[in-house]
Amino acid sequence: MPGRGSIGGLLRVAALAVVVLQASGAPAAWVVNERGECVRAWTPASLVRGPAAMLNAPLLPLRSAAGGVLVAREDRSPGMQGKILLPPTLAVVGGGIGLVESVIWLGTGLTDTATGGYFEMAPDEATRLGVEPVRPTFVASASRPPRESGDRCGRRTGPDAL
């Protein structure tokens, strides 16, 4: 029966999607080793870094274009010309940069899939599944927020560490 194989394949894809969605929310395991250094411990959650990045990559140009439109909506500069030209311009540029980034996400996701996520090649943004708009990287406010004073293991650093 030709239809029977397609249902089994669909069930396999659905089961894989459930596993990836559940495991992609797992936090990275940062631990203190015997020398007091904060190091990344490989966990089974690392296995889904690559597939999650590869699933996110095809939508990135659209998400980045939508983020460009959102940036244009936040613009408060006077003048009708900027209000008319800015949204489509930022959408096209954001989509183009999203296309370049999606190739990077796809390549690093493939590398993480092949290595079991051991080297963490894919960017952290690529490993979080989502469909919300992404601010294009050319926008100055798209930079990551500063990390609070502390290392990844939760130990406080800096002058207020005492």
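This text goes with the structure placed above it.
Predicted, not measured: the structure shown is a model, and the values here were computed from it.

The rules behind these values
Residues numbered from 1 in each chain as written. Predicted model: local features only at pLDDT ≥ 70, side-chain atom pairs only at ≥ 80, totals over all residues. Heavy atoms only, no water. Axes fitted to C-alpha atoms, helices over the stretch in contact; angles between N-to-C directions. Helix = DSSP H or I, 4+ residues; strand = E, 2+ residues; numbered from the N terminus. Left-handed = near helix turned anticlockwise from the far one by under 90°. Contact = heavy atoms within 4.5 Å. Nonpolar A, V, L, I, M, F, W, Y, C, P; charged D, E, K, R; others polar. Parallel < 35°, antiparallel > 145°, perpendicular 65-115°, else oblique.

Q: Would you mind showing me how to read the packing of helix H3 (residues 60-74) against helix H4 (residues 80-115) here?
A: How two helices pack is summed up by the angle between their axes together with the distance between the axes. Running from N to C, H3 and H4 point in directions that differ by 150 degrees, and their axes come no closer than 7 Å. The two elements H3 and H4 cross, and the hand of that crossing is right-handed. Contacts between H3 and H4 pair Leu60, Pro61, Ser64, Ala65, Gly68, Val69, Val71 and Ala72 from the former with Leu86, Pro87, Leu90, Ala91, Gly94, Gly95, Gly98, Leu99, Glu101, Ser102 and Trp105 from the latter. The residue makeup of the contact of H3 with H4, split by class, is 12 nonpolar, 6 polar and 1 charged.

Q: In this structure, what is going on with the environment of Val134? I would like to understand it.
A: As for its placement among the helices and strands, Val134 is situated in the segment after helix H5 (124-127). As a C-alpha pair, Val134 and Gly98 span 36 residues in sequence and 8.9 Å in three-dimensional space. Setting aside its immediate chain neighbours within four residues, Val134 contacts Leu60, Arg63, Ser64 and Gly67.

Q: Explain the packing of helix H2 (residues 49-56) against H4 here, please?
A: Running from N to C, H2 and H4 cross one another at 160 degrees; their axes reach a closest spacing of 7 Å. As judged from the angle between their axes, H2 and H4 are roughly antiparallel. For the pair H2 and H4, the crossing hand works out as left-handed. Of the residues in H4, those in contact with Arg49, Gly50, Pro51, Ala53, Met54 and Asn56 of H2 are Trp105, Leu106, Gly109, Leu110, Asp112 and Thr113. Classifying every residue of the contact of H2 with H4 by side-chain character gives 6 nonpolar, 4 polar and 2 charged.

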